[in-house]
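Examination of the molecular architecture
Residue strings, one per chain:
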Amino acid sequence: MAATVTVEEQKPAVDVKLDQELNPWEAQAARFDFAAKKLNLDNGIWKVLRQPARELIVHFPVTMDDGRIEVFTGYRVQHSIARGPAKGGIRYSPDVSLDEVRALASWMTWKCAVVNIPFGGAKGGVICDPKKMSQGELERMTRRYTAEMIEFIGPEKDVPAPDMNTNEQTMAWIMDTYSMHMRQTVTAVVTGKPINIGGSRGRTAATGRGISVVCDEALKYLKMKPAETRVIVQGFGNVGSNASRLLAEKGYHIIGIAEWDGGLFNEKGIDIPALLAHRAKTGTIRGFAGATEANSDELLTTECEILIPAATENVITSLNAAQVKAKILCEGANGPTTPVADEILAKKGVFIVPDILANAGGVTASYFEWVQDRMGYFWTEDEVNERLDRIMISSFGDVIRYTEAHGVNNRIAAYMLAVDRVAYTTKQRGIYA
């Protein structure tokens, strides 16, 4: 964990060791501290907002298909409930750690505040390898994890959602488990559910759609045109594939796709619908006839107008930031750029659309789902998309105004906007003695 806060400018140093640079909690804390300093934030409120309000660690048994009992470790971190119930995904991965979940919960607080929706931030995770688990094992693990968290989640407390290696089926299991304990159907306990049990139309593509909207706004601001814009996308999961599809429909040229098992490149543009059909058939983007195979790491430093890291954190670091040739970095993933890399990109003049703005389309649509569940009335997909576009466009404008008014980069501007909103509400509510 980072050192005790002082009201000193906490600007990240370029000689930070790589392991410290790659710690997501340290990265979040460094940016928060810098934004708080620029805002001249009250010391007491600074201390309140710098730490999560609650961190839960559970160790729980699950009976595996062969009769063995395995004990899994799960986390749920609730960073803030000042502006409303906590909100954040649950991820399943062998790499889940408390620092990662803590950082993601904090980012969710700032993300919700940037787009001005009435949620605080939370995040959860279970240390497991879902690729090696059966559907039955995943269901039993999910239900037991939910039962362990039952007192701390709920429509008015903390509303989970899908994240890495979880999906609408996972959310259906959580909703059902919670409902069984409550002895009534509670659809609003999670978002990202199947549509027939309270999910929202437009939710699946929402993060990718939000990315496409802020790319449009960045081009308008920089006086560029989609037809002259080459895009490379790192990660072709739900976020990356939907962003690619929507941008291609708007006339952008998607020239590169980088995936964990290899990349694709076509300087004339990749046919995204054809690639999606190929992946649906084969389970991979490799072997696609409409592009040549490329090294995924090298694609991150290939010349283009927009680079969209849409997979995991820490892909743009001090090791490769100097080689990035994109004019715009639009962060589809959470924390893809380290603070040290930020400084390098700033010197290169790269225009960054930070993660807490760029990928906020997902949590905005989750907010819409929560609202619809609570009122029992559901919108059409066009209505969801129209509301989402309006919020993303407005939020981009808010961040740019902070950038220009305070003479900072877009990331610090987004943090300043978010911290300012959460701090204002915290001071309004007061400190309960």
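Above this note sits the structure.
Residues numbered from 1 in each chain as written. Predicted model: local features only at pLDDT ≥ 70, side-chain atom pairs only at ≥ 80, totals over all residues. Heavy atoms only, no water.

This next bit is on the overall build of the protein chain. From N to C terminus, the protein chain includes 15 helices and twelve strands. For a compact globule of 433 residues, the expected C-alpha radius of gyration is about 22 Å, and the protein chain comes in at 21 Å, within 12% of that figure. Dimensions of the protein chain, computed from C-alpha atoms along their principal axes, come out at roughly 55 × 55 × 45 Å. Counting only residues that meet the buried cut, the protein chain has 59% of its 433 residues in that class. Pairs at least 24 apart in sequence give 69% of the contacts found in the protein chain among residues at least 6 apart. (Helix = DSSP H or I, 4+ residues; strand = E, 2+ residues; numbered from the N terminus. Rg over C-alpha atoms; globule rule 2.2 N^0.38 Å. Buried < 20%, exposed > 50% of the residue type's maximum accessible area, 1.4 Å probe, protein only. Contact = heavy atoms within 4.5 Å.)

Turning our attention to the sheet that holds strand β10 (residues 306–309). One open sheet accounts for seven strands, arranged β9-β8-β7-β6-β10-β11-β12; its pairing is mixed. This sheet does not close on itself; its edge strands, each paired only once, are β9 (292–294) and β12 (351–353). Across the sheet, the mean angle separating the axes of adjacent strands is 20° when strand polarity is ignored. (Pairing = 2+ DSSP bridges. Axes fitted to C-alpha atoms, helices over the stretch in contact; angles between N-to-C directions.)

Turning next to helix α9 (residues 272–282). Each α-helix winds once per 3.6 residues, and so residues spaced three or four apart point in a common direction. If you check which residues of α9 are buried, you get I272, L275 and H278. Viewed end-on, α9 has its buried residues packed into an arc of 115°, placing them on one side of the element. Facing away from the buried side of α9, by more than 90 degrees, are the exposed residues P273, A280 and K281. Lining the buried residues of α9 we find α8 (238–249), β7 (253–259) and β8 (262–265). Its side-chain oxygen 3.2 Å from the backbone nitrogen of A274, D271 forms the N-cap of α9. Directly beyond the C-terminal end of α9, a positive phi value near 85° is found at G283. (Arc of directions from axis to C-beta. Polar contact = N/O pair within 3.5 Å; in protein donor to acceptor, adjacent residues only side chain to side chain.)

Backbone geometry at N116 places phi at a positive 60°, although glycine is not the residue there. One can find N116 in the loop between α4 (98–114) and β4 (120–127). Given a relative accessible area of 46%, N116 falls into the partly exposed group. At N165, a position not held by glycine, the phi torsion is positive, near 65°. In this structure, N165 sits in the loop between β5 (158–162) and α6 (168–182).

This paragraph deals with the packing of aromatic side chains. Under the criterion given, the structure shown has nine aromatic pairs. When the centroid spacing of 5.5 Å and the interplanar angle of 10° are considered together, the rings of F32 and W110 count as stacked. Within this pair, whereas F32 is found in helix α2 (residues 24–39), its partner W110 is found in helix α4, the two being separated by 78 residues in sequence. Here F32 matches W110 in class, with each residue buried. Through successive ring pairs, a cluster of aromatic residues spans F119, Y367, F368, W370 and W379. Cation over ring: R102 sits above W25, and NZ or CZ is 5.6 Å from the ring centre. The ring centre of W379 lies 3.9 Å from the NZ or CZ of R387, which sits over that ring. (Phe/Tyr/Trp six-rings, centres within 6.5 Å; stacked < 30°, edge-to-face > 60°. Lys NZ or Arg CZ within 6 Å of the ring centre and 35° of its normal.)

The analysis is restricted to geometry; functional conclusions fall outside its scope.
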